[in-house]
Amino acid sequence: MKLEGIHHITAITADGQENVDFYVGVLGLRLVKKTVNQDDPSVYHLFFADERGSAGADLTFFEFPGAPEGRAGDGMVHQIGWRVASEDALDFWAGRLGDAGIDTLRGDGGLVFADPEGLGHELRVVQTPDEPLVAEHPEIPPEYALRGFDGVRAYAGAPERSEPLLEALGFERGGESGEWEARGESRGGLLGYDAPPGERGLGGAGTVHHVAWASTIDEHEAWRGKAMEGGAHPTPVIDRFYFRSIYFREPSGVLFEIATLGPGFTVDEPLETLGEKLSLPPALGHLRERVEATVKPLRNPRQVRT
């Protein structure tokens with residue numbers, strides 16, 4: 001059994017429209033599912049990914065309108081790493097982000113920036129056999145587009161506490177950076193730890209809520225057992241309709257999810273029109289009238305273009 005890298009990463013936004021404008025309009029991702037937080041159906045849950053809505057490129061946001069700005073601290077993911085194909089791609093993104101008013105910092109094989117709410121990102125030049133997960137955007141040449149997640153970095157005061165659980169989950173440590181990798185037959189994803197800042201972390205806009213790792217459907221229950229063997233206390237399996245999930249905190253404090261590769265986002269709408277309408281899982285279908293009266297309409301730059 002091996003986890004197939006990162007399934008999705010979920011963060012928090014205070015402004016769904018600003019969020020869509022940046023991740024679709026600037027970064028070129030596709031809004032593949034516009035639904036609600038299943039634990040709080042009064043607010044949006046927005047999913048951005050590649051053209052097919054693939055796990056491995058799926059960045060999601062809970063919209064809590066007016067939420068105060070958060071701050072990453074001990075036990076929280078503070079940076080999301082994306083793959084790009086070349087140094088030329090970094091040049092392209094430095095220019096594009098700069099034109100959008102986003103400050104960037106160029107390093108060795110990477111470009112660091114934050115979204116308008118302060119969520120940290122790094123574009124990394126990565127050579128890998130993993131399939132590139134690319135969305136279409138008329139202003140972004142395919143060879144420069146984001147190609148899916150490379151990994152996440154979290155703050156941890158004592159990262160060694162997490163080692164037994166990571167080993168139980170099949171993560172392997174390697175490379176000069178000492179990052180942990182979850183690599184399956186088709187995909188891999190990295191987890192790195194950094195010393196925390198002095199200030200205590202605050203959940204809020206611009207912070208990561210959790211990181212989800214990918215499992216096949218057949219092995220999902222077994223991963224719950226693996227997590228318990230490693231000392232974690234996972235939830236029961238929760239049916240999220242688009243995938244099934246279990247949740248637990250790893251010892252450094254990061255909230256983990258293990259999510260299944262399927263059924264996927266086309267279970268309730270065709271690939272061609274993913275994300276264009278509000279989708280509600282069957283268990284929440286009776287709330288549609290109330291939800292539509294509560295959440296505000298969102299303008300999708302991709303639909304405007306087409």
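Because the structure is predicted, anything quoted here is derived from the model rather than measured.

Draft legend 1. Local environment of the sheet that holds strand β5 (residues 77-84). The mixed open sheet is built from eight strands, whose spatial order is β6-β7-β8-β5-β9-β12-β11-β10. Single-partner strands in this sheet number two, and they are β6 (104-107) and β10 (172-173). In this sheet, strand β12 (residues 188-194) lies alongside strand β11 (residues 180-183) in antiparallel orientation, the contact comprising four bridges. Across the sheet, residue Trp 180 finds its bridge partner in β12, namely Leu 191.

Draft legend 2. Empty space enclosed by the protein, seen in detail. Under the criterion given, the structure shown has two cavities of 30 Å³ or more. Taken as a whole, the largest cavity encloses approximately 60 Å³ of empty space. For the largest cavity, the full set of lining residues is Leu 27, Gly 28, Leu 29, Trp 93, Leu 133, Val 134, Ala 135, His 137, Ile 140, Ala 145 and Leu 146. Here the second largest cavity defines a volume of roughly 30 Å³. What lines the second largest cavity is simply Thr 13, Asp 15, Glu 18, Asn 19, Phe 22, Tyr 23, Asp 115, Pro 116 and Glu 117. For the lining of the second largest cavity, the element with the highest residue contribution is helix α1 (residues 16-26), accounting for four residues.

Draft legend 3. A look at the packing of aromatic side chains. Enumeration according to the criterion identifies 15 aromatic pairs in this entry. Both rings, one in Phe 48 and one in Phe 61, keep their centres 6.1 Å apart while their planes meet at 75 degrees; by these two values the pair is edge-to-face. With Phe 48 in strand β3 (residues 40-49) and Phe 61 in strand β4 (residues 58-63), this pair connects stretches of sequence that are 13 residues apart. Here the two residues Phe 48 and Phe 61 agree in accessibility, since each one is buried. Their ring planes at 55 degrees and their centres at 5.7 Å tell us that Tyr 242 and Phe 265 sit as a pair that is tilted. Within this pair, whereas Tyr 242 is found in the loop between β14 (238-239) and β15 (244-249), its partner Phe 265 is found in the loop between β16 (255-260) and α5 (288-294), the two being separated by 23 residues in sequence. Comparing Tyr 242 with Phe 265 shows no difference in burial state: the two are buried. Taken together, Phe 22, Tyr 23, Phe 48 and Phe 61 form an aromatic cluster joined through their ring pairs.

Calculation rules
Residues numbered from 1 in each chain as written. Predicted model: local features only at pLDDT ≥ 70, side-chain atom pairs only at ≥ 80, totals over all residues. Heavy atoms only, no water. Pairing = 2+ DSSP bridges. Helix = DSSP H or I, 4+ residues; strand = E, 2+ residues; numbered from the N terminus. 1 Å grid on protein atoms, 1.4 Å probe; cavity = no way out; pocket = protein on both sides within 12 Å on 5 of 7 lines; lining within 4 Å. Points joined across faces, edges and corners; volume = space filled by probe spheres on them. Phe/Tyr/Trp six-rings, centres within 6.5 Å; stacked < 30°, edge-to-face > 60°. Buried < 20%, exposed > 50% of the residue type's maximum accessible area, 1.4 Å probe, protein only.

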